[in-house]
Amino acid sequence: MKNIRYWLAFISILIVYGIAGENKASNIHGRDDLPAEPPIIASKADTISKAIDKIIHQAHFNGSILVGYKDYVLYENAIGLINLKTNDSLSSETPFQLASVSKSFTALAILMLVQDSLIRLDEKVKHYIQEFPYPTVTVRHLLNHTSGIPNYFKLAAQYWPKNKPMNNEDMLVLLVKHKLRLQFTPGTNFRYSNTGYAILALLVERVSKTPFNEFLKNRIFLPLGMQNTFTYDRQIMDTLTIALGHRSNRPNPSLFDFDPVDEVLGDKSIFSTPADLFLYNRAWTTDILINENLRKEAFTRATLKNRKVVDYGFGWRFKKVDGKDIIYHNGLWHGFTATFTRIPDSEITVIILNNTNAHVSTLAHQIIKEITPLLELDHKQDNVSAN
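The structure presented is a predicted model; accordingly, all values stated were derived computationally and were not measured.

1. Looking at unusual backbone geometry
With a phi close to 75°, arginine 307 is a non-glycine residue in the positive phi region. Considering the arrangement of structural elements, one finds arginine 307 in the loop between strand 8 (302-303) and strand 9 (309-310). For arginine 307, a relative accessible area of 72% puts it in the exposed group. One non-glycine residue, histidine 334, adopts positive backbone phi at about 50°. Mapped onto the elements of the fold, histidine 334 is located in the loop between strand 11 (324-333) and strand 12 (336-343).

Here it is as C-alpha cells:
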C-alpha cells in the first residue's frame, strides 16, 4: 500500500510542479508516502537492518538515518534527543540543519534557471549582479569552487554586529566595501568556498526576481513533496520542533548560540529530514526538475586551466571507495553534521543527519561496506532469474 501511495505522490509531483504557495515552514508533518517493502527477501532485509542497528549503536549515534535501495526505503530510524539537556526525543519528522548538504539545492536552483534560459554557466557573475566586485569570475567558477573569492565569514566576524542577522545582500555589501583580493586567478585552483554558494543564492534571487527561500519552496520543496523542509528564519525557529546543534555529545553537552550568518543562504541553512531528502533524490535521478544533460554536467568533475581534474561538480563531490564511484556531500555547521551519499551503480543511498558533531561520513562508509555485498548478491540473483 505504501508503494502505491508513493507512486501516486510521484504522479502528483508532475501536477504541482512550479506551483506557488504561502510559506508553511512551521507546518511539520508526518510522512507515509515513502516506499517501503524493498524488493529483497524478508530475511535479507532483517539482516541488513540488524547490521545497521549494530553500527549506529556502537557509534553512540544521536540523529536520523535513512538507507535507500533503488526507490525503496531499506532502513529508517531516529535515535536520541533533540536537546541533550532537556531529553526531548527525536522522531523521523524532526528537521536538522543540513549545513553544506544545502549546496546541492543551490546548484539545482541555478541549473533550473539555466534550463529556463535565464542563466549561462560560463557568463560572468557581474553580468547578473552588477556590483559584484570580481569581474573575471563566472557562474561555473562559483559552482566548482574555482573562483578564488574570499571567505565572507572572516568579514562578518570582523565587521558585522554579533546580534544582527545578516542576509545575502548584506554579505555582498561587505564584499563590495572591503573588496579583498582574489585568492588566485579564477579557474586555476580549487578552494572550497561558502562565499561562492552564497553568491549563487543571490544570483538566483536577482535573476528570478524571487527571494531564494521562496524559489526553493515553490520550485523544489513543494513540487517534490518535501513537507518538512525549509530555510532558516530566526523569526520562526523558536516556534518549531527542530534538532538543536551541540558542541559535543555527553557528558557535558552545550548548545551553539545564534550566529549572524545563519540567515545567509546558499551555502547552508536548509533544514530537512532524511525522508524528505530521499524524495529530493529524484531531482537528481530523473527529469522531474532538470534534464539529463544538465544532471550530467552537475556530475562532471571540474577541470582547471592546467587540465588538472577536481573531484567536485556542481554541489556534489566525487570519490571512489573499494572501486565504486560515490557521489556525495557532507556538511558541518554549529554542531550539525550531515551526509548525503549515493552509489549510482548499486542504487544505494545513505542519508545521515546528526546534531552532536558526529563523524557521519564514517558511519555512511561503514554502512555501505556492510550492506553492499548483500544487495549486490540479491541483484545478481535477480538477473539470473530474469535470464
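2. Observations regarding helix 8 (residues 212-221)
The buried fraction of helix 8 amounts to eight of the ten residues, a majority that puts the element mostly inside the structure. Here helix 8 has its buried residues at Phe212, Phe215, Leu216, Lys217, Asn218, Arg219, Ile220 and Phe221. Looking at the packing, one finds that the buried side of helix 8 touches helix 3 (103-115), helix 7 (194-208), strand 6 (230-231), strand 7 (270-272) and helix 10 (274-280).

3. What about the sheet that holds strand 2 (residues 72-79)?
Taken together, six strands build an open sheet; the order of strands is 2-1-13-12-11-10 and the sheet is antiparallel. Each end of this open sheet is capped by a strand with a single partner; those strands are strand 2 and strand 10 (317-321). Taking the axes of each pair of neighbouring strands and ignoring which way they run, one obtains an average angle of 15° across the sheet. Inspection of the sheet shows strand 11 paired to strand 12 by seven bridges, in the antiparallel sense. Looking at strand 12, one finds that leucine 332 is bridged to threonine 337.

4. Here we look at the packing of aromatic side chains
The geometry of an aromatic ring pair comes down to the distance between the two centres and the angle between the two planes. Counted by the stated rule, this structure contains 16 aromatic pairs. Ring geometry for phenylalanine 105 versus phenylalanine 221: centroids 5.8 Å apart, planes at 75°, classification edge-to-face. Note that phenylalanine 105 is positioned in helix 3 and phenylalanine 221 in helix 8, a separation of 116 residues in sequence. Each member of the pair, phenylalanine 105 together with phenylalanine 221, is buried. Between tyrosine 192 and tyrosine 312, the aromatic rings sit 6.4 Å apart at their centres with planes inclined by 70°, giving edge-to-face as the arrangement.

Calculation rules
Residues numbered from 1 in each chain as written. Predicted model: local features only at pLDDT ≥ 70, side-chain atom pairs only at ≥ 80, totals over all residues. Heavy atoms only, no water. Helix = DSSP H or I, 4+ residues; strand = E, 2+ residues; numbered from the N terminus. Buried < 20%, exposed > 50% of the residue type's maximum accessible area, 1.4 Å probe, protein only. Contact = heavy atoms within 4.5 Å. Pairing = 2+ DSSP bridges. Axes fitted to C-alpha atoms, helices over the stretch in contact; angles between N-to-C directions. Phe/Tyr/Trp six-rings, centres within 6.5 Å; stacked < 30°, edge-to-face > 60°.

The quantities given are spatial measurements derived from coordinates; they are silent on function.
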